[in-house]
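Okay, here's what each chain looks like letter by letter:
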Amino acid sequence: MSKQKNTEELILNAAKKLFISHGLEKTKMQQIADEAGINKALLHYYFRSKDKLFEAILEDVFSEIAPILQSFFGEKIPFLEKIGYFVETYIDLIKKNPFLPEFIFNELNRSPKRMINIMISVGVNPQIILDQMKQEVTNGSIKDFDPKQLLVNILSLTIFPLIAKPILMGIMFENDDKLFNQFIEERKTHIKDFISHAILLK
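Residues numbered from 1 in each chain as written. Predicted model: local features only at pLDDT ≥ 70, side-chain atom pairs only at ≥ 80, totals over all residues. Heavy atoms only, no water.

With that settled, the discussion passes to the packing of helix α4 (residues 50–73) against helix α7 (residues 112–121). Where α4 contacts α7, the axes come no closer than 9 Å and their chain directions differ by 40°. By the criterion of interaxial angle, the relationship of α4 to α7 is oblique. In the packing of α4 onto α7, the handedness of the crossing is right-handed. Facing D51, E55, L58, E59 and F62 of α4, the residues of α7 in contact are R114, M115, I118 and M119. Partitioned by chemical class, the residues of the contact of α4 with α7 number five nonpolar, no polar and four charged. (Axes fitted to C-alpha atoms, helices over the stretch in contact; angles between N-to-C directions. Helix = DSSP H or I, 4+ residues; strand = E, 2+ residues; numbered from the N terminus. Parallel < 35°, antiparallel > 145°, perpendicular 65-115°, else oblique. Left-handed = near helix turned anticlockwise from the far one by under 90°. Contact = heavy atoms within 4.5 Å. Nonpolar A, V, L, I, M, F, W, Y, C, P; charged D, E, K, R; others polar.)

Our next topic: the packing of helix α5 (residues 79–96) against helix α8 (residues 126–139). Between two packed helices, what matters for the description is the angle formed by their axes and the separation of those axes. With their axes 11 Å apart at the nearest point, α5 and α8 run at an angle of 150° to one another. Taken together, α5 and α8 sit at an angle that is classed as roughly antiparallel. The two elements α5 and α8 meet at a crossing, and its hand is left-handed. Between α5 and α8, the contacting residues are F79, K82, I83 and F86 on the first element and I129, Q132, M133 and E136 on the second. Class assignment for the residues of the contact of α5 with α8 results in five nonpolar, one polar and two charged.

Here the focus is the packing of aromatic side chains. The way to describe two aromatic rings as a pair is by their centre distance and the angle between their planes. Under the counting rule described, the total for this entry stands at five aromatic pairs. Plain terms: the ring middles of Y45 and Y46 are 5.2 Å apart, the flat faces sit at 85° to each other, and that makes the pair edge-to-face. With a relative accessible area of 63%, Y45 lands in the exposed category. With 5.1 Å between their ring centres and 50° between their planes, F173 and F183 make a pair best called tilted. On the criterion of sequence distance, the pair formed by F173 in the loop between α10 (165–171) and α11 (177–199) and F183 in helix α11 is long-range, its members being 10 residues apart. Its relative accessible area of 22% is what places F183 among the partly exposed residues. (Phe/Tyr/Trp six-rings, centres within 6.5 Å; stacked < 30°, edge-to-face > 60°. Buried < 20%, exposed > 50% of the residue type's maximum accessible area, 1.4 Å probe, protein only.)

Even without being glycine, E174 reaches a positive phi, approximately 50°. By the element assignment, E174 lies in the loop between α10 and α11. Judged by relative accessible area, E174 falls into the exposed class, the value being 71%. In this model, N175 sits at a positive phi of 55°, which is unusual for a non-glycine residue. Counting through the fold element by element, N175 comes out in the loop between α10 and α11.

This is how it looks when you write it as structure tokens:
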């Protein structure tokens, strides 16, 4: 690994750690430099701003997961297995990167076009999933529905509890991370069962 690549990874890992512990807005560039063991000038050489740094992290996160999901949906396995894998992968991704929901929510309000460009650049292509949903309808294996509605329903069921964690923690889980994490793990099965009952023909 080159010295430049190694330094970039040190910075990205330091930033992820601080974003998780302090949140995106409260994390300062100086803190990231200190955590990475470099001076602030070198940090700015690699990443001019916290915004650029997070964009790099986002690209790194999605470039890790997008090819896996795209490849899995290309496999000849039952459609519901693919949905289950999609749900589990998304939940695990956000659990591993708990700063993501806050950033994505803010970024979608501030600059949705940039978020779209990042996702496209790393290979996120929902059309592959939508086409398979249409084919399942044509084959008569699931109910006739709008694939876009189903995809948005799956994303909503998966992502909302993680975005709403601060509220849910306070009103449902007594601010107990262990209880909340157990609930999120149980949602993997709950969402798969819910979607299965919603789309399978009786």
